[in-house]
Amino acid sequence: MQKIKVHNRKIAAFTTLATFTALIFSLLEPLMGWVLVLCACSFCISLYKSVKQSTPLKNSVLNLLAILCISILIWLAADYGLLKTMINLLVVACCLKIINLHHTGDYQMVASIQLFLVACGLIFHQSLLNSLFYAFLVILIFCVLHAIKIKETGIRTYAKHTLILLLQAVPIAGLLFFVTPKLSPLWQMPVNQSSKTGLSEKMTPGDIASLAKSDELVFRAEFSGRIPTARERYWRAIVLDDFDGKTWSISKINKQFEGPKTLEFRGESLDYVVIAQPTSTQWLYSLDIPIVIQGLATQTISTNHQFQLTGSSPLHTQGLYALKSFVEQPLNIYNGYEDLSQYLQKPSTGNPETVEFVKKSINQSMTTTEIVNKLSAVFSGDEFRYTLSPPLMQAAPIDEFLFENKAGFCSHYASALTYMLRLANVPARIVTGYQGGEVQSGNVISVHQYDAHAWVEAWHNDKGWVRIDPTAIVAPNRVLSGLLSSIENRQEFREQSPYSLTNLKEYAVFNQLRLLMAKIDHTWDQSILSYNQDSQKSLLKKIFGNMKAESFSYALIGSFVIIGIFIGLLFLPKRKAKVSNEIKWVNKLFLIFEKQEMHRADYETLQQFNQRIQPQLSAQAANALAYIVKEYYEWKYASVEQKTPFDYLKVRLHKHVMTIQTQFAEK
């Protein structure tokens, strides 16, 4: 392999290390701990070798390290899954290869691995900013490839060649993106439940409070007409109806249900599209009562009798679906089909103070409305406080909340009221989801993790399920203006999430910039990330009209043929002008002097070059060069009849060329 020039090699090495470091930081989630340690060691060794220009390590050492690393990966593969294991394998390969960056082939191999890692990074991070970040890394990788292949040095030169390549590649990539058939993913993306799910299928009072520390986007909803008011923005996700005294969960009984075959809806409806971020559960988000107009591209969506939307599999990638919600329709369409006994279930022991309190407060003559009002009024006193940092309540959580601490998050209030209603023989359940959301660009609402909320639904025989939000009694601004509406909540959020961009909302300039970025991100999500098979068919239909399947196939094949011809024209080897034997010999002669830092100017002939460097040469070298120039010009300008083959001249001058080389070697 050809050695790289020292200056170019340093630039290439440092750029490669910078790209490697950026990739590792963007892939922290799927990487194993020991792989991160290996990355740090490889970086330090590579940096030292780049500065000191030390000799390469022996291949036997690297091969032993590779065998050891692969053995560990195979041992841990079952716990990490195929995709994460393959990403760790790529990172390990890159770590071992960057230790020995010496030849062109080494840099080319590392660049190839890094391009694969960029693709892996886009699996986990698909926002606009992340896409721009990875595009910048691709440019750096191509700059490295140019730095090791071309003689010129300088970032401008590398960037120029990279820009030419990108200008050639981007139109092809764009055309392929729009015309290539969109297929379902070949694997399911693993998602870390604790960091991505947000809501859980189990809830212990205080759980949802942890989500208030995060400003991570959950979903965006774009409305085609009127957007819902703040009081209407209850985004249903999960219904919890089983209680063991501490934890609420989903009962198994309600997973099997057969309702009426046809349903009638009345009242105003809202039409909107939801773009949901990846989670590790099947639960989706909607306003009440939802009807699916367009499902996800990769799976079907169903609605159950608890008015929940569920996908056929966990949502591992960003998904878009369209809904119509009848916000004025009472939740009684399954009246007579539900088994309400499950919503009266309660543990036989635990929380004795609450049990005693309900017995004293409720009598059998009271109506459902009176019972609900009586028990909800418990929270109307000034002693109850809404906080993002509730104390731990583990032994008897409801008793401790109602009669001791009297400070909690929405889950505490919802849990306490639901339990009291069941003690009073009123069917009740907890609904977890999100409440509120930030309105941006007129008809788009962004919902974040800090909008997580829990509320209560109680059964009325004549009305069906009625929503009751005890949190609104204690902190009405939470429902009307969002979590951060009060000074107390805003201060708590600052303390728990000091680096959150949400803190910029108080500054007009930064808030406008934040909203602009959110609008751009939404446009990116809707136009690029949500471009699926249906979107592709719709776009092609707009361009070509109602094409038959056969005509569409011909058009698709034609597109690939055009792309193939274009690529062929770009990359077919160009016929180079044949360099004469004479020119090759003269260039080799100049190369001897270039190694001694005696460079020839572009305008100089061999004669001019000889005259200029004569003072710098020893007597023997000067005489030898003068003789070479004299003989060469006599041969060059001799008549055709007198000119001998150039090979004869080379033989005659070889002794004098060797004299010059010997003089330089002795010097």
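Here's what I pulled together on the structure shown here. (Residues numbered from 1 in each chain as written. Predicted model: local features only at pLDDT ≥ 70, side-chain atom pairs only at ≥ 80, totals over all residues. Heavy atoms only, no water.)

What follows covers the overall build of the protein. Looking only at helices and strands, the protein features 22 helices and 17 strands. Looking at the protein as a whole, 43% of its 667 residues are labelled buried. On the protein, roughly 35,400 Å² of surface is accessible, and the fraction owed to carbon and sulfur atoms is 59%. (Helix = DSSP H or I, 4+ residues; strand = E, 2+ residues; numbered from the N terminus. Buried < 20%, exposed > 50% of the residue type's maximum accessible area, 1.4 Å probe, protein only. Areas by Shrake-Rupley, 256 points an atom, 1.4 Å probe, with all protein chains shown as cover.)

Turning next to the environment of I275. With respect to the helices and strands, the residue I275 is situated in strand β6 (residues 269-276). Taking the relative accessible area as the measure of exposure, I275 reaches 2% and is therefore buried. A C-alpha to C-alpha distance of 5.5 Å links I275 and F219, two positions 56 residues apart in sequence.

Taken as a whole and assessed by the stated rule, the structure comprises 32 aromatic pairs. Seen in terms of ring centroids, W585 and F646 are 5.7 Å apart; in terms of plane orientation they differ by 75°. Their pairing is edge-to-face. Remark: F646 occurs in helix α22 (residues 646-666) and W585 occurs in helix α19 (residues 581-594); sequence separation between them is 61 residues. In this structure an aromatic cluster arises from ring pairing among F219, F223, W235, Y272, Y285 and Y434. Sitting over the ring of W465, R429 keeps its end group 3.8 Å from the ring centre. Between R600 and the ring centre of F590, over which it is positioned, the NZ or CZ distance is 4.5 Å. (Phe/Tyr/Trp six-rings, centres within 6.5 Å; stacked < 30°, edge-to-face > 60°. Lys NZ or Arg CZ within 6 Å of the ring centre and 35° of its normal.)

With that settled, consider the pairing of strand β16 (residues 452-460). It is a general feature of regular strands that their side chains alternate between the two faces of the sheet. Burial analysis of β16 places 9 of its 9 residues in the buried class, which makes it a mostly covered element. Burial along β16 is two-sided: the face carrying A452, A454, V456, A458 and H460 and the face carrying H453, W455, E457 and W459 are both buried. Sheet analysis places β16 next to strand β17 (residues 464-468), joined by 5 bridges and oriented antiparallel. Bridged to H460 within β17 is G464. Hairpin connection, β16 to β17: the antiparallel pair is bridged by 3 residues. (Pairing = 2+ DSSP bridges.)

Put simply, helix α10 (residues 368-376) and helix α12 (residues 410-423) touch, their axes get as near as 10 Å, and they point 140° apart. Compared by their axis directions, α10 and α12 come out oblique. The chirality of how α10 crosses α12 is right-handed. Of α12, the residues touching α10 (which contributes I371, V372, L375 and S376) are L417, M420 and L421. Class assignment for the residues of the contact of α10 with α12 results in 6 nonpolar, 1 polar and no charged. (Axes fitted to C-alpha atoms, helices over the stretch in contact; angles between N-to-C directions. Parallel < 35°, antiparallel > 145°, perpendicular 65-115°, else oblique. Left-handed = near helix turned anticlockwise from the far one by under 90°. Contact = heavy atoms within 4.5 Å. Nonpolar A, V, L, I, M, F, W, Y, C, P; charged D, E, K, R; others polar.)

With 5 bridges connecting them, strand β2 (residues 217-223) and β6 associate as antiparallel partners. In the sheet register, R220 faces β6, and the bridge partner there is I275. As paired elements, β6 and strand β10 (residues 319-326) share 8 bridges and run antiparallel to each other. Bridge pairing in β10 links Y272 to L323.

Time to look at the sheet that holds strand β5 (residues 248-249). Read from one edge to the other, the open sheet built from 3 strands follows the order β1-β5-β4, with strand pairing classed as antiparallel. The open sheet has two edge strands with one neighbour each: β1 (202-203) and β4 (242-243).

Below, the discussion takes up the pattern of salt bridges. For the coordinates displayed, the defined rule picks out 15 salt bridges. Across the pair E383 and K406 runs a salt bridge, and its minimum N-O distance is 3.9 Å. Within this pair, whereas E383 is found in the loop between α10 and β11 (385-386), its partner K406 is found in the loop between α11 (397-405) and β12 (407-408), the two being separated by 23 residues in sequence. Classification of E383 by relative accessible area gives partly exposed; the value is 44%. Residues participating in the shared-partner salt-bridge network are R236, D288, R429, E457 and R467. (Salt bridge = Lys/Arg side-chain N within 4 Å of Asp/Glu carboxyl O.)

With that settled, consider the environment of L90. Inspection of the secondary structure puts L90 in helix α4 (residues 82-98). Note: C-alpha distance between L90 and Q114 (24 residues apart in sequence) is 8.4 Å. Apart from residues lying up to four places away in sequence, L90 is in contact with I113, F116, L117 and C120.

The sheet built from 4 strands is open, its strands ordered β3-β13-β16-β17 with antiparallel pairing. Looking at the sheet topology across the chains shown, the edges are occupied by β3 (234-240) and β17. The average angle at which neighbouring strand axes cross in this sheet is 40°, direction not considered. Strand contacts of α12: β13 (428-435), β16 and β17, with the helix running at about 15° to β16, the strand carrying the most contacts.

This part takes up the environment of Y134. Within the element layout of this structure, Y134 appears in helix α6 (residues 128-147). The class for Y134 is buried, based on a relative accessible area of 1%. Counting along the chain gives 12 residues from Y134 to L122, while the straight-line C-alpha distance between them is 7.7 Å. Discounting residues that sit within four places of it in the chain, Y134 has contacts with L23, S26, V118, G121, L122 and H125.

If you look at the biggest cluster of nonpolar residues, it comprises 64 residues, and the most contacted ones within it are W235, Y321 and L421. The element best represented in this core is α12, accounting for 8 residues. Residues A13, I98, A111 and V144 belong to the second largest nonpolar core, which totals 40 residues. (Core = buried A, V, L, I, M, F, W, Y, C linked by side-chain atoms within 4.5 Å.)

On the surface, a nonpolar cluster with roughly 540 Å² of combined accessible area is contributed by L129, L132, L513, L516, M517 and I520. The set of elements that each furnish at least two residues to the nonpolar patch consists of α6 and α16 (508-529). Mapped onto the elements of the fold, I520 is located in helix α16. (Patch = residues over 30% accessible without salt bridge, like charges linked within 9 Å, V, L, I, M, F, W, Y side chains within 5 Å.)

Here we take up unusual backbone geometry. Here D288 and I289 are connected by a cis peptide whose omega angle stands at -20°. Locating I289 in the fold gives a position in the loop between β6 and β7 (290-294). Phi is positive for N351, which is not a glycine, with a value near 50°. Tracing the chain through its elements places N351 in the loop between β10 and α9 (352-361).

This next bit is on α6. End to end, α6 covers 29 Å across 20 residues, agreeing with the expected 28 Å (1.5 Å per residue, within 8%). Along α6, the positions that sit buried rather than exposed are L128, S131, Y134, L137, V138, L140, I141, C143, V144, H146 and A147. (Expected span 1.5 Å × (residues − 1).)

Another aspect to go through is helix α21 (residues 619-636). For α21, with 18 residues, the first-to-last C-alpha span of 26 Å sits near the 26 Å given by 1.5 Å per residue. For α21, the full list of buried residues reads A621, A622, A624, L625, I628, V629, E631, Y632 and W635. Against the buried residues of α21 lie α19, α20 (606-613) and α22.

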